[in-house]
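The chain contents come next:
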Amino acid sequence: MADTRGTAGEQPAPPDRRRSALRRTVPVAAPLLVGLAVLAAWEAAVWYFQTPPYLLPAPSAIGEKIQQNAGRLASAWLVTFGTMAVALAAAVLLGVALAVVFVTSRVVELSLFPYAVVLQVTPLIAIAPLLVIWLDNPWWVRLVCAWIVAFYPILSGTVVGLRSADAGLRDLFRLYGAGPWQRVRLLLAPSALPYFLAGLRVSVNLALVGAVVAEFVTGTGTDSTGLASLVFEGQETMDVGLTFAALGVISATGVLIYFATHLTSGWLLAGWHDSSDV
């Protein structure tokens, strides 16, 4: 009877390894395939209905517009992304610090938390014109707007995480006389990390949205203008392709930074927290 087991080099991959490879591939391949299908359907619909480019340009025309304006798009992207990054960093630093204060003092939390909620629920488009008057500096207006929308998810997620430490472990740390820094570093910080990262995944795209909205409010008459300026230009010159090109860069940036934070979360939580498999 013939030996059907094959050589050692031909052994199939173990099931666990195949499942691991599948988990790494699907999160990237699935949305990519859906996106390609949508772009193909968009291209076909524009061609079939002969839609004028000033109403809806085809993806191929938008791609050409991106190539033609690559330098301008890159410069504008650096301005928008820089505003988003600085605002997000400020939101992380202040949000985490304030969360620690809230967990330490219930009185401070009850006094200040409602105002953090007010910042979150007040429409950004209503605050931005006031900031233009008060700050008289377009860059600061964009920075503050992006920070306002990015701050609350970091704060609320970190507060919940710091309070989610196991009560038994808290008692154990207290029993062994652990100091405040040891409790924060070895117990509270690991407990809060998944919740902080969940808030970060929300805040990172909110910061991008806040920066773009603020650019619309501050207008294009500044020394450094972001991607919203190209959206404005496309609207004023009836160059819909340029508008879609700028919007496409904004959307691609949001998708990339979301996946970057998602992969970072998985790397930080791998091996010890269930959410790393999500």
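Figured I'd write up the structure that's included with this text. Keep in mind that this is a model prediction, so the values were computed, not measured. (Residues numbered from 1 in each chain as written. Predicted model: local features only at pLDDT ≥ 70, side-chain atom pairs only at ≥ 80, totals over all residues. Heavy atoms only, no water.)

1. Remarks on the overall build of the protein chain
A tally of helices and strands in the protein chain yields ten helices and zero strands. Seen in sequence order, the protein chain has helices and strands lined up from the N terminus as α-α-α-α-α-α-α-α-α-α. The 278 residues of the protein chain split such that 32% are buried. In the protein chain, the share of contacts with a sequence separation of at least 24, taken over all contacts with a separation of at least 6, comes to 72%. Looking at the protein chain as shown, the accessible area adds up to about 16600 Å², and 69% of this sits on carbon and sulfur atoms. (Helix = DSSP H or I, 4+ residues; strand = E, 2+ residues; numbered from the N terminus. Buried < 20%, exposed > 50% of the residue type's maximum accessible area, 1.4 Å probe, protein only. Contact = heavy atoms within 4.5 Å. Areas by Shrake-Rupley, 256 points an atom, 1.4 Å probe, with all protein chains shown as cover.)

2. Section: the packing of helix 3 (residues 70-104) against helix 6 (residues 138-163)
The axes of two packed helices give the description: the angle between them and the distance between them. The interhelical angle for the contact between helix 3 and helix 6, taken along N-to-C directions, is 35°, at an axis separation of 6 Å. The two elements helix 3 and helix 6 meet at a crossing, and its hand is right-handed. Of the residues belonging to the contact of helix 3 with helix 6, the class tally is 24 nonpolar, three polar and two charged. (Axes fitted to C-alpha atoms, helices over the stretch in contact; angles between N-to-C directions. Left-handed = near helix turned anticlockwise from the far one by under 90°. Nonpolar A, V, L, I, M, F, W, Y, C, P; charged D, E, K, R; others polar.)

3. Some remarks on the side chain of T83
Relative to the helices and strands, T83 is located in helix 3. Ignoring anything within four residues of it in the chain, the contact list for T83 reads W139, R142, L143 and A211.

4. So, the pattern of salt bridges
In this structure the tally under the stated criterion is five salt bridges. One salt bridge in this structure joins R163 and E109, with 2.5 Å as the shortest N-O distance. Of this pair, R163 sits in helix 6 while E109 sits in helix 4 (residues 106-121); the two residues are 54 residues apart in sequence, bridging distant segments of the chain. Counted as one network, the salt bridges with shared partners bring together R106, E109 and R163. (Salt bridge = Lys/Arg side-chain N within 4 Å of Asp/Glu carboxyl O.)

5. So, helix 5 (residues 124-135)
Compared with the 16 Å implied by 1.5 Å per residue over twelve residues, the 15 Å span of helix 5 between its first and last C-alpha is a close match. Turning to helix 5, its buried residues are L124, I127, A128 and L131. The arc enclosing the buried residues of helix 5, seen along the axis, measures out at 105°, which places them on a common side. Along helix 5, the residues that are exposed and aim more than 90 degrees away from the buried face are I125 and I133. (Expected span 1.5 Å × (residues − 1). Arc of directions from axis to C-beta.)

6. Focus on the nonpolar core
If you look at the biggest cluster of nonpolar residues, it comprises 54 residues, and the most contacted ones within it are L73, C145, L155 and L200. Among the elements of the structure, helix 3, helix 4, helix 5, helix 6, helix 8 (180-218), helix 9 (227-236) and helix 10 (240-269) are those that each provide at least two residues to this core. Counting residues per element, this core draws most heavily on helix 6, at 13 residues. Those residues in contact with L73 that lie beyond four places of it in its chain are I66, L227, L230, A245, A246 and V249. (Core = buried A, V, L, I, M, F, W, Y, C linked by side-chain atoms within 4.5 Å.)

7. Brief notes about a nonpolar patch on the surface
A cluster of nonpolar side chains, namely V86, L130, I133, W134, L135, W139 and W140, defines an oily patch on the protein surface of about 740 Å² accessible area. Broken down by secondary-structure element, the contributors of at least two residues to the nonpolar patch are helix 5 and helix 6. When residues of the nonpolar patch are assigned to their parent elements, the largest contribution, four residues, is made by helix 5. Position of W140 among the secondary structure elements: in helix 6. Judged by relative accessible area, which is 44%, W140 ranks as partly exposed. (Patch = residues over 30% accessible without salt bridge, like charges linked within 9 Å, V, L, I, M, F, W, Y side chains within 5 Å.)

8. Quick look at unusual backbone geometry
In this model, Q50 sits at a positive phi of 50°, which is unusual for a non-glycine residue. Along the chain, the position of Q50 falls in the loop between helix 1 (15-49) and helix 2 (59-68). Assessed through its relative accessible area of 59%, Q50 is described here as exposed. A positive phi is found at M238, a non-glycine position, where the angle reads about 60°. Residue placement: M238 occurs in the loop between helix 9 and helix 10.

9. Some remarks on the environment of L39
Summarising the element assignment, L39 is placed in helix 1. On the accessibility criterion, L39 (40% relative accessible area) is partly exposed.

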